[in-house]
Amino acid sequence: TYTCIKCEDSYTEVIPAAGHAYGDGQITREATCDTAGVKTFACTNCTSIKTEEIAATGHSYGEGVVTTAASCTTAGVKTYTCSVCDDIKTEEIPATGHDYETEVRVQPTCGAKGEGTDTCANCGDVKLVEIPATGEHVDNYGDGVCDNCGNDIISNPSAIPEFFNFFAKDTA
C-alpha cells in the first residue's frame, strides 16, 4: 500500500507471488528393498518444504540355489538370497516320483499270471509286480493243444482265441 505524505491518499498495488522454486531436492531417506525412501524439496523463495516418496526397490533374488535336492518321495528346497540386503526366501521343489522299469521274471501265459520286478531308475526302490495272464493260447506245434496250459483248443472252442472261432463253428 502506498500513501501520499501530503494528502494521505493511498492505493494498493498487487504484486504477484513469485511461486515456489523447489529445485532438484535431496534424498533424505534412501529406498531399500522393502521400504520406501523420501526425497525432500525446500523452496528457495520461502520456507515451504515438500516431500516425495521414492518407491521401494524390491529384492534382487537371482536364480537361486538348490539347497536340498528333491528325491522320488521327498520334496527339495531351492534357496534365494537378495544380492542387495541378503534377505533369504525358499521355494519347495516337488518330489520327482519314481521312474519304475519292469523286468519280467516269470512270463505270463494264457491262464497263469506272470511276475516281475519294478526297479526305480532314480533311487533303486524295488517292488514285486503281478503281470496279468494273457488269456491267449499258444499252439506252436499245430497239434490243437495249448503249449502253456495243455487245453485242447480244437474241441474246446471257448479256449480258442477269437480270430480262430470261425474254424471251430464250421467243423461241427
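Residues numbered from 1 in each chain as written. Predicted model: local features only at pLDDT ≥ 70, side-chain atom pairs only at ≥ 80, totals over all residues. Heavy atoms only, no water.

**Describing the overall build of the protein chain**
On a plain count of helices and strands, the protein chain comes out with one helix and 11 strands. Mapped from its N terminus to its C terminus, the protein chain presents α and β elements in the order β-β-β-β-β-β-β-β-β-β-β-α. Within the protein chain, the proportion of its 172 residues that are buried is 18%. Long-range contacts, defined as pairs at least 24 residues apart, comprise 25% of the intrachain contacts of the protein chain with a sequence gap of at least 6. When the accessible area of the protein chain is evaluated, it comes to approximately 12800 Å², of which 50% is carbon and sulfur surface. (Helix = DSSP H or I, 4+ residues; strand = E, 2+ residues; numbered from the N terminus. Buried < 20%, exposed > 50% of the residue type's maximum accessible area, 1.4 Å probe, protein only. Contact = heavy atoms within 4.5 Å. Areas by Shrake-Rupley, 256 points an atom, 1.4 Å probe, with all protein chains shown as cover.)

**As for the sheet that holds strand S7 (residues 76-81)**
The strands making up a sheet associate through backbone hydrogen bonding, with each pair oriented either parallel or antiparallel. Strands sit in the order S6-S7-S8 across an open sheet of three strands; the sheet is antiparallel. The strands lining the two open edges of the sheet, one partner per strand, are strand S6 (65-68) and strand S8 (88-93). The mean inter-strand angle of the sheet, taken between neighbouring strand axes irrespective of direction, is 35 degrees. Here three bridges tie S6 to S7, and the two strands are oriented antiparallel to one another. Bridge pairing in S7 links Val66 to Lys78. (Pairing = 2+ DSSP bridges. Axes fitted to C-alpha atoms, helices over the stretch in contact; angles between N-to-C directions.)

**Focus on the pairing of strand S11 (residues 126-131)**
Bridge analysis of strand S10 (residues 114-120) against S11 gives six bridges, and the strand direction is antiparallel. Note that in S11 the partner of Asp118 across the bridge is Lys127. In sequence, S10 turns back onto S11 through a hairpin of five residues, with Gly124 there showing a positive phi of about 85 degrees.

**Re the sheet that holds S11**
On the basis of which strands lie adjacent, the open sheet formed by three strands has the order S9-S10-S11 and antiparallel pairing. Since the sheet does not close on itself, it has two edges, and those belong to strand S9 (100-106) and S11, each with one partner. Strand-to-strand, the axes of this sheet are offset by a mean angle of 30 degrees, without reference to chain direction. When S9 meets S10, the two strands line up antiparallel, connected through six bridges.

**Remarks on the state of the cysteines**
Inspection of every chain in the model, using the stated rule, returns zero disulfides. Here Cys146 is not cross-linked by a disulfide; its sulfur's nearest cysteine counterpart is in Cys110, at 3.6 Å. Overall, the relative accessible area of 3% leaves Cys146 in the buried class. (Disulfide = S-S within 2.5 Å.)

**Topic: the packing of aromatic side chains**
Counted according to the given criterion, the structure contains one aromatic pair. Over the face of the ring belonging to Phe41 we find Lys50, whose NZ or CZ atom lies 5.3 Å from the ring centre. The side chain of Lys89 reaches across the aromatic face of Tyr80, ending 5.3 Å from its centre. (Phe/Tyr/Trp six-rings, centres within 6.5 Å; stacked < 30°, edge-to-face > 60°. Lys NZ or Arg CZ within 6 Å of the ring centre and 35° of its normal.)

**Re the side chain of Asp118**
Mapping Asp118 onto the fold places it in strand S10. Summary of buried charges: Asp118 has no salt-bridge partner, and the nearest side chain of opposite charge, Lys127, is 4.5 Å away. Within the structure, the side chain of Asp118 is placed 2.3 Å from the side chain of Thr102, a separation counted as a polar contact. Ignoring anything within four residues of it in the chain, the contact list for Asp118 reads Tyr100, Glu101, Thr102, Asp125, Val126, Lys127 and Val129. (Lys, Arg positive; Asp, Glu negative; His and termini not counted. Salt bridge = Lys/Arg side-chain N within 4 Å of Asp/Glu carboxyl O. Polar contact = N/O pair within 3.5 Å; in protein donor to acceptor, adjacent residues only side chain to side chain.)

**Let's talk about the environment of Cys120**
Mapped onto the secondary structure, Cys120 falls in strand S10. Overall, the relative accessible area of 3% leaves Cys120 in the buried class. As a C-alpha pair, Cys120 and Asp99 span 21 residues in sequence and 5.0 Å in three-dimensional space. Apart from residues lying up to four places away in sequence, Cys120 is in contact with Cys72, His98, Asp99, Tyr100 and Asp125.

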